[in-house]
Amino acid sequence: GALLCPLGPGSQPARSPLFGFAAGRTFSTAGEALVAIARDDYTGAANLLTPFAEFDGHIDPAAQFLLASLYDSGHGVPLDPLRACALYHSARHSD
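Residues numbered from 1 in each chain as written. Predicted model: local features only at pLDDT ≥ 70, side-chain atom pairs only at ≥ 80, totals over all residues. Heavy atoms only, no water.

Asks: For this particular structure, what's the right way to read the environment of Leu87?
Replies: Positionally, Leu87 belongs in helix H4 (residues 81-92). For the pair Leu87 and Glu54, spaced 33 residues apart in sequence, the C-alpha to C-alpha distance is 8.3 Å. When residues no more than four places from it in sequence are discounted, the contact partners of Leu87 are Ala53, Glu54, Gln64, Leu67, Ala68 and Tyr71. (Helix = DSSP H or I, 4+ residues; strand = E, 2+ residues; numbered from the N terminus. Contact = heavy atoms within 4.5 Å.)

Shown next, in the form of structure tokens:
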């Protein structure tokens with residue numbers, strides 16, 4: 001059966017990681033990624049988001065959420081529901 005992540009889109013309401021993140025490069029990166037997604041450039045979006053979502057240092061919950069949605073759908077990255085769930089979890093529990 002399919003793995004259902006309790007933290008993905010459609011889960012219980014929570015504060016969206018897309019709002020409230022610091023202005024500057026992080027916003028620019030998330031904005032650029034959203035533009036890439038709108039243009040169906042999922043690989044480009046994943047390349048923009050990965051450094052801000054998965055590497056040590058400043059982790060951005062908006063980047064984590066957007067990258068999780070790519071792993072959840074298999075757009076631009078290999079379909080990986082477990083990795084998506086981990087990123088959704090990290091985005092939800094970031095402060």
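Asks: What's the story with the packing of helix H3 (residues 61-73) against H4 in this structure? I'm lost.
Replies: Between two packed helices, what matters for the description is the angle formed by their axes and the separation of those axes. At a minimum axis distance of 8 Å, the contact between H3 and H4 shows a crossing angle of 160 degrees. Compared by their axis directions, H3 and H4 come out roughly antiparallel. In this structure, H3 crosses over H4, and the sense of that crossing is left-handed. Side by side, H3 and H4 meet where Pro61, Gln64, Phe65, Leu67, Ala68, Ser69, Tyr71 and Asp72 of the first sit next to Pro81, Arg83, Ala84, Leu87, Tyr88, Ser90 and Ala91 of the second. Of the residues in the contact of H3 with H4, the class split is 10 nonpolar, 3 polar and 2 charged. (Axes fitted to C-alpha atoms, helices over the stretch in contact; angles between N-to-C directions. Parallel < 35°, antiparallel > 145°, perpendicular 65-115°, else oblique. Left-handed = near helix turned anticlockwise from the far one by under 90°. Nonpolar A, V, L, I, M, F, W, Y, C, P; charged D, E, K, R; others polar.)

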